[in-house]
Amino acid sequence: MKQNHQMSAPLRRAIDFLKTYDGPEVRIMEVCGTHTHEIFKQGIRQLLSPKITLISGPGCPVCVTPAGYIDRAVALALDHGVTVCTFGDLMRVPGTEMSLSMARGRGGDVRVVYAPEDAEKLAAEHPEKPFAFLSVGFETTTPSSCLAVDHAIRDGLDNFTLLTANKTMPAAYEAMKNSTDLFLYPGHVHAITGLADVKKMQQEGVSGVVAGFTAGELITALAIAVKKYGEGVPFYVNAYPRVVTDEGSPEAKQLVAKYMEPCDAWWRGIGMLPDSGMRLKKAYARFDAAERYALPEGNGKDNPGCHCGDVLQGRCRPEDCPLFGTVCTPVHPTGACMVSSEGACSAYYLYGGEK
Amino acid sequence: MEALPEQITLAHGAGGKQTSALIHQIFERHFKNSLLTADDAAVLPRPGHQIAMSTDGFVVSPAFFPGGNIGELSICGTVNDLSCMGAKPLYLTCSFIIEEGLEVSKLDRIAASMAETAEKAGAVLVAGDTKVVGKGQADQVFITTTGVGEIVSQNPLSGAKAAPGDAVLVTGDVGRHGCAVLLSRDEYGIDAHVESDCAPLWKPVSAALKAAPDLHVIRDATRGGVGTVLYEIAHQSHVGIRLHSDAIPVDPSVAGVCGMLGLEPLYLACEGRMVMIVPKEEAGAIIDALSVFPDTQGICQIGEVTAEEPERVIMETEIGTQTYLPEPGTELLPRIC
Ligand code: SF4
């Protein structure tokens, strides 16, 4: 049987380095949920010497979406008769009273789509019905929400809106910088934004490495991070140059700047982070579901037993939550970190935690 | 005899002239054999050994997908279920629930591929039933097939017979059917061509039974895919299963689509793949015997049965770590970023 034959020499060296590392203790936070998922799926934590600790950060858009947002989406479907279009992950996130899948069970028209443009297309095909797309996500997904609005304008639609809860990663870096020694920055986000934010973090004395998503890319990035950390000088390295450039994607940035502006945003489990969200500009208020249907503000109520906030901030591990694996499982999630495949609790649950 | 119009109407299910026109011109024409008569039940020669019987309903949407259609699927499903028990498929019955408005040409294609697939498996269709329901009460056509087979394996096969040290084989690349159906629903805007692996597998299975008389388990990896089957076997036999991720065959297009949607190919349905668990010494003989059949030429060993960690499936990754394969049962939700 084939076994580990294809591993390249540099990768093997990186693994050996991480396994035998004996320098100062270092904590590394992977901010991004996709990283968290891949790290567990590939068993990367098993390759790290006891001196290296990985912390799962708040970078899963589903996990940081507050219950109050789900409440507003439920209200759109049940009270305002709007067809709510969403990514599948959000369906089972608990709101204060119910999740979107429960709202669908009560007769709400809630549909799973795979891109904001699909929701826009549905709206174009059914001019008689109002549609709202649940626009959550970081820099990677925000441009496609803006593109959907762009198309709605092109198609002259008056029945398409976004319910925005878009967030930006640098706010998470700021909020989390005291919880970790260095960051594993998400490659997808910086493919859009470029490297300005990570340079700024370095100037503030915070180090990190931009990482890709395969096992090899993650291991390489970790080895670089640990090695540089030993030098004791704040640094940043782009370990994903195949995809991430200095300036990022100007088209995507322009598109977002045209339709959206920064705003304060509430992160589930963390609280209010100034300027960490994106909302539609006033000029496009007619595409803003919260404006159009005068949806009440509010952050909703989380299950009081849930430790999601601590998990999201790397203050405790999922197993430390008393609900983990008993009350809270992927089939019956209590907290958002268990719903999304990118949530830390779900990754621990699915892949058996630290094997 | 009444000529058939282009589309099925409720009258085709009413039992009169139009029903008999449908039966003669579609089903009898395709399924013709000496046991299929116009009487109320088929009279069948009794097989010499124990018989196995299985039934399954098919409601796949869309009814036609790259690499097959619901008719072919309805035969493969039942024939393969019998095969997994070491039973040679002999007789099949089929029941159709047809939505008013279905094009007759589609029904004709479905029936033709059923006949062809049954023939490939060595079985005959001996009886059937047709109901037509109003528009919206079904999705084009639903088919239920029932099959009777004759147990020919010396040794009873069972999911409870996996033993530590056994080899775990899969008869080809995984997840193709599930992926083909997902893509043909056209909700994803993904431009990839993946064909279903849909195939009746009695002939390769019978070759396997000859090559390895001590075969322990055969399971077809339909709904829930290979991952679900492996967990079922691990539970039933109270053993652990260790997989080698770089040995698991996945078509590159399937891998690409799964990567984009955040799905695990091991949990996507197959309709022409068997998981076989066999004493280590017999693995080579099975691989040689099945490599000559077009539908199982991709057979390979993907892991082994272990005594450690009973009831868990462990994945050895390409970077030399070990993780658990997630337990089945959590919904496969496409990821958000
Ligand atoms: S186990 Fe569930 S309730 Fe506990 S922190 Fe995780 S998601 Fe929240």
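In this text the structure is predicted, and so the values were computed from the model without any measurement. (Residues numbered from 1 in each chain as written. Chains lettered and ligands numbered in written order. Predicted model: local features only at pLDDT ≥ 70, side-chain atom pairs only at ≥ 80, totals over all residues. Heavy atoms only, no water.)

1. Topic: the overall build of chain A
- Each helix and strand counted, chain A has 15 helices and 11 strands in total.
- Expected size for 355 residues packed as a compact globule is a radius of gyration near 20 Å; at 21 Å, chain A falls within 12% of this value.
- Seen through its C-alpha atoms, chain A measures out along the principal axes to roughly 65 × 45 × 45 Å.
- Counting only residues that meet the buried cut, chain A has 58% of its 355 residues in that class.
- Sequence-distant contacts, at least 24 apart, represent 75% of the contacts inside chain A between residues at least 6 apart.
- Of the roughly 14,000 Å² that chain A leaves accessible, carbon and sulfur atoms contribute 52%.
- Of the charged side chains in chain A, 35 are positive and 40 negative; the average position of the first set lies 4 Å away from that of the second. (Helix = DSSP H or I, 4+ residues; strand = E, 2+ residues; numbered from the N terminus. Rg over C-alpha atoms; globule rule 2.2 N^0.38 Å. Buried < 20%, exposed > 50% of the residue type's maximum accessible area, 1.4 Å probe, protein only. Contact = heavy atoms within 4.5 Å. Areas by Shrake-Rupley, 256 points an atom, 1.4 Å probe, with all protein chains shown as cover. Lys, Arg positive; Asp, Glu negative; His and termini not counted. Charge placed at Lys NZ, Arg CZ, Asp CG, Glu CD.)

2. A closer look at the site of the ligand
All names here are of chain A.
- All residues adjacent to the ligand are Cys306, His307, Cys308, Val311, Cys321, Leu323, Phe324, Cys328, Gly335, Cys337, Met338 and Cys345.
- The pocket occupied by the ligand, as judged from atoms lying within 2 Å of grid points, is the largest cavity.
- Taken together, the elements giving at least two residues each to the shell around the ligand come down to helix H13 (308-312) and helix H14 (336-339).
- Along the lines of polarity and charge, the residues of the shell around the ligand split into 10 nonpolar, 2 polar and no charged. (Near = heavy atom within 4 Å. 1 Å grid on protein atoms, 1.4 Å probe; cavity = no way out; pocket = protein on both sides within 12 Å on 5 of 7 lines; lining within 4 Å. Sits in = over half its atoms within 2 Å of the grid points. Nonpolar A, V, L, I, M, F, W, Y, C, P; charged D, E, K, R; others polar.)

3. Structural notes on the pattern of salt bridges
- With the rule as written, the count across this model stands at 28 salt bridges over all chains.
- Among the salt bridges present, the one from arginine 154 of chain A reaches aspartate 155 of chain A, with a minimum N-O distance of 2.9 Å.
- The exposure class of arginine 154 of chain A is exposed, given its relative accessible area of 56%.
- Arginine 242 of chain B is paired through a salt bridge with glutamate 316 of chain B; the nearest N and O atoms lie 2.9 Å apart. Of this pair, arginine 242 of chain B sits in strand S9 (residues 240-244) while glutamate 316 of chain B sits in strand S12 (residues 313-316), and the two are 74 residues apart along the sequence. This pair shows no difference in class: arginine 242 of chain B is buried, exactly as glutamate 316 of chain B is. (Salt bridge = Lys/Arg side-chain N within 4 Å of Asp/Glu carboxyl O.)

4. Quick word on the packing of helix H2 (residues 70-84) of chain B against helix H3 (residues 104-121) of chain B
Residues and elements named next belong to chain B.
- The geometry of H2 relative to H3 is characterised by a closest axis approach of 7 Å and an angle of 30 degrees between their N-to-C directions. By the angle class used here, H2 and H3 are roughly parallel. Classified by chirality, the crossing of H3 by H2 is right-handed. Every residue of H3 that contacts H2 at Ile70, Gly71, Glu72, Ser74, Ile75, Cys76 and Val79 is listed here: Ile110, Ser113, Met114, Thr117, Ala118 and Ala121.
- For the contact of H2 with H3, the class distribution of residues is 8 nonpolar, 4 polar and 1 charged. (Axes fitted to C-alpha atoms, helices over the stretch in contact; angles between N-to-C directions. Parallel < 35°, antiparallel > 145°, perpendicular 65-115°, else oblique. Left-handed = near helix turned anticlockwise from the far one by under 90°.)

5. As for the side chain of asparagine 238 of chain A
Residue and element names in this part refer to chain A.
- Tracing the chain through its elements places asparagine 238 in strand S9 (residues 236-238).
- There is a polar contact of 3.0 Å between the side chain of asparagine 238 and the backbone nitrogen of tyrosine 240.
- For asparagine 238, the side chain forms a polar contact with the main-chain oxygen of valine 244, separated by 2.9 Å. (Polar contact = N/O pair within 3.5 Å; in protein donor to acceptor, adjacent residues only side chain to side chain.)

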